[in-house]
Amino acid sequence: MAAAFKEVADQLVLDQGLRALVITGEGRAFSAGGDFGFIEDRIHGDVEDNFRVLSGFYTTFLALRKLPVPTLAAINGPAVGGGMGLAMAAVMRIASSTAKLSFNFVKLGLTPGMASTCVLPAATSHQVACRLLLTGDLITAQEALELGLVLQVAEPDKLLGAAQQLAGRIAAASPSAVATTLRMLRGRLPWEQLEAAALEEARLQATFFKRPDCREGVDSVKSKRPARFGPIERPATT
Ligand SMILES: C/C=C/C(=O)SCCNC(=O)CCNC(=O)[C@H](O)C(C)(C)COP(=O)(O)OP(=O)(O)OC[C@H]1O[C@@H](n2cnc3c(N)ncnc32)[C@H](O)[C@@H]1OP(=O)(O)O
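Remember, predicted model here, so these are calculated numbers, not experimental data.

(A) A look at the site of the ligand. Looking at the ligand, there are 20 residues lining it, with Ala32, Gly34, Gly82, Asn104 and Lys224 nearest. Within the side chain of lysine 224, an N or O atom sits 2.5 Å from an oxygen atom of the ligand. Considered on its own, the ligand offers 980 Å² of accessible surface; in the complex 65% of this is hidden by protein. Taken together, the elements giving at least two residues each to the shell around the ligand come down to α2 (36-44) and α3 (47-62). With 3 residues, the top contributor of residues to the shell around the ligand is α2. Residues belonging to the shell around the ligand are distributed by class as follows: 11 nonpolar, 5 polar and 4 charged.

Here's what the structure looks like:
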């Protein structure tokens, strides 16, 4: 899916008529993040291989931030882990009133990915980033609105329309003024900084997959039971 996503993003870069992009999930979720099967592969994988796969995975989705037009995420259902990271790669987010959002990495015994430690404080506040990344709390769309994580909450049947309306208002503005404004807004969090954060996070996460806490975290999330994590292990370094 990441490869297909990158292919579409690469084609869209060439589309001179594109003014704004709306992304949403198919089915009832926006994205549940890393598939359990993919996570199992990382648990059994070699650290270097994990790093290669994770860095490719995360930088692919962050490619949304390289598109010359604003991307809006219409969060139609659960957005968790890397799925929430994907929503954060958009410049604005509108959530369905039924959506649930979480950066649940720590609940899986993992450190964050998708440059979340860099993107989330910049998009919200340091306090909000600390709360969401250190607890892995699953929050409602309404709470996400109060925390400034999403711009708007819409009823499920109005979600796509609300996102398309916002995209339409962007499309009606001067394309070159929008493009330059977007470039300046993005410049406050330069791509080099984002990429460095994504790579540092991928490097750390690659090692955390190999720890017993990850096995326990995944089992507990899958079976919806409280986790029994071990004591602090020797701090990992990048
Ligand atoms: C490198 C990448 C790192 C990451 O992205 S880390 C994050 C990985 N993702 C997760 O840990 C998400 C775990 N899932 C959940 O927390 C919950 O689920 C949700 C909040 C997404 C949705 O909750 P609810 O609406 O109550 O649905 P439900 O009954 O828990 O799940 C519906 C079906 O979806 C399957 N499912 C959920 N998440 C995943 C996943 N990540 N990979 C594969 N399957 C998943 C379940 O097992 C179940 O399936 P069935 O209907 O057959 O029982």
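(B) The nonpolar core, seen in detail. Ranked by size, the top nonpolar core spans 60 residues in total, and within it Ile75, Leu101, Phe103 and Leu149 carry the most contacts. Apart from residues no more than four positions distant in its own chain, leucine 149 is found in contact with Met84, Met88, Arg93, Leu101, Phe103, Leu120, Thr124, Leu132, Ile139 and Ala144. Leu72, Ala163, Leu166 and Ile170 belong to the second-largest nonpolar core, a separate cluster that totals 12 residues.

(C) Expanded view of the packing of α3 against helix α10 (residues 191-208). Between α3 and α10, the least distance of the axes is 8 Å, while the angle of their chain directions is 145 degrees. Taken as a pair, α3 and α10 cross one another with a handedness that is right-handed. Judged by residue contacts, Val47, Glu48, Asn50, Phe51, Leu54, Ser55, Tyr58, Thr59 and Leu62 of α3 engage Trp191, Leu194, Glu195, Ala198, Leu199, Ala202, Arg203, Gln205, Ala206 and Thr207 from α10.

(D) Highlighting the sheet that holds strand β1 (residues 21-24). In space, the 4 strands of this open sheet follow the order β1-β2-β4-β7, with parallel pairing throughout. The open sheet has two edge strands, β1 and β7 (152-154), and neither has a second partner. Within the sheet, the average angular offset between the axes of one strand and its neighbour, ignoring direction, is 25 degrees. With 4 bridges joining them, strand β2 (residues 71-75) and strand β4 (residues 92-96) adopt parallel strand pairing. Following the sheet pairing, alanine 73 is matched in β4 by arginine 93.

(E) Up close: the pattern of salt bridges. Per the stated rule, a full pass over the model turns up 10 salt bridges. The closest approach of N and O atoms between lysine 158 and aspartate 157, which form a salt bridge, is 4.0 Å. Summarising the burial analysis for this pair, lysine 158 and aspartate 157 share the class exposed. Close ionic contact of arginine 225 with glutamate 216 constitutes a salt bridge, the shortest N to O distance being 2.7 Å. On the basis of relative accessibility, which here comes to 14%, the residue glutamate 216 falls in the buried class. A single salt-bridge network, built from bridges that share partners, covers Glu40, Arg215, Asp219 and Lys222.

(F) Local environment of the sheet that holds strand β5 (residues 100-102). Read across the sheet, 3 strands follow the order β3-β5-β6 without closing on themselves; strand pairing throughout is mixed. Across the chains shown, the open sheet's two edge strands, defined by having one partner strand only, are β3 (79-80) and β6 (139-140). In this sheet, β5 lies alongside β3 in parallel orientation, the contact comprising 2 bridges. Bridge pairing in β5 links alanine 79 to leucine 101.

(G) Summary view of the state of the cysteines. Evaluation of the coordinates by the stated rule reveals 0 disulfides. Cysteine 130 carries a free sulfur, and the closest cysteine sulfur to it, the one in cysteine 118, is 14 Å from it. Assessed through its relative accessible area of 25%, cysteine 130 is described here as partly exposed.

Rules behind the numbers
Residues numbered from 1 in each chain as written. Predicted model: local features only at pLDDT ≥ 70, side-chain atom pairs only at ≥ 80, totals over all residues. Heavy atoms only, no water. Near = heavy atom within 4 Å. Polar contact = N/O pair within 3.5 Å; in protein donor to acceptor, adjacent residues only side chain to side chain. Areas by Shrake-Rupley, 256 points an atom, 1.4 Å probe, with all protein chains shown as cover. Helix = DSSP H or I, 4+ residues; strand = E, 2+ residues; numbered from the N terminus. Nonpolar A, V, L, I, M, F, W, Y, C, P; charged D, E, K, R; others polar. Core = buried A, V, L, I, M, F, W, Y, C linked by side-chain atoms within 4.5 Å. Buried < 20%, exposed > 50% of the residue type's maximum accessible area, 1.4 Å probe, protein only. Contact = heavy atoms within 4.5 Å. Axes fitted to C-alpha atoms, helices over the stretch in contact; angles between N-to-C directions. Left-handed = near helix turned anticlockwise from the far one by under 90°. Pairing = 2+ DSSP bridges. Salt bridge = Lys/Arg side-chain N within 4 Å of Asp/Glu carboxyl O. Disulfide = S-S within 2.5 Å.

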